[in-house]
Amino acid sequence: LGWACGDRGTILRTEDGGSTWVVVPSSVDCRLDSLWFADARNGWAVGGYELPGSARRVGVVVATSDGGVTWRRLSTLGLPW
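Residues numbered from 1 in each chain as written. Predicted model: local features only at pLDDT ≥ 70, side-chain atom pairs only at ≥ 80, totals over all residues. Heavy atoms only, no water.

Undergrad: Got a minute to help me understand the packing of aromatic side chains in this structure?
TA: For any pair of aromatic rings, geometry is given as the distance between the ring centres together with the angle between the planes. With the rule as written, the count across this model stands at four aromatic pairs. Their ring planes at 75° and their centres at 6.1 Å tell us that tryptophan 3 and tryptophan 71 sit as a pair that is edge-to-face. Linking tryptophan 3 in strand β1 (residues 2-5) with tryptophan 71 in the loop between β6 (57-64) and β7 (72-73), this pair joins segments that are 68 residues apart in sequence. Taken together, Trp3, Phe37 and Trp71 form an aromatic cluster joined through their ring pairs. (Phe/Tyr/Trp six-rings, centres within 6.5 Å; stacked < 30°, edge-to-face > 60°. Helix = DSSP H or I, 4+ residues; strand = E, 2+ residues; numbered from the N terminus.)

This is the structure:
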C-alpha cells in the first residue's frame, strides 16, 4: 500500500507496489506537498497556495479518518504555507 500527492490537490493510492495508481478525491485544488498516515485509518496531507496578486501564502491541511477513502479540509486560519 502506498500514497503520493502533488499539484491541484492530487492524491494517489496504490495497492500493488506502484504498478497501478488510483486518483483519490482530496477536496482541494491546490498543491499538496506531503502526505503521512499515523495508522491504517488516520492520515493528513499538507500544502498550500499563494493568493493571486499578493505575496501572501496560505497553508492547507486535508485529513482522512477512513483509510483515505474520503478527505476533508481542516480549518487552517493563519497557517502559513
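Undergrad: Whenever I open this one, the pairing of β1 confuses me. Can you help?
TA: Moving residue by residue along a regular strand, the side chains alternate between the two faces of the sheet. The pairing of β1 with strand β2 (residues 11-14) spans four bridges and is antiparallel. When the sheet's bridge partners are listed, alanine 4 is paired in β2 with leucine 12. Taking the residues between adjacent antiparallel strands as the criterion, β1 and β2 are bridged by five residues, where arginine 8 takes a positive phi near 55°. (Pairing = 2+ DSSP bridges.)

Undergrad: Even after reading the chapter, I still don't get the sheet that holds β2, so can you show me in this structure?
TA: Remark on secondary structure: sheet strands pair via backbone hydrogen bonds, oriented parallel or antiparallel. Within the open sheet, the three strands sit side by side as β1-β2-β3. Their pairing is antiparallel. Edge strands, defined here as strands with exactly one partner in the open sheet, are β1 and β3 (22-24). When the angles between neighbouring strand axes are averaged without regard to direction, this sheet yields 30°. In this structure, β2 lies alongside β3, joined through three bridges in antiparallel fashion. Bridge pairing in β3 places leucine 12 opposite valine 23. (Axes fitted to C-alpha atoms, helices over the stretch in contact; angles between N-to-C directions.)

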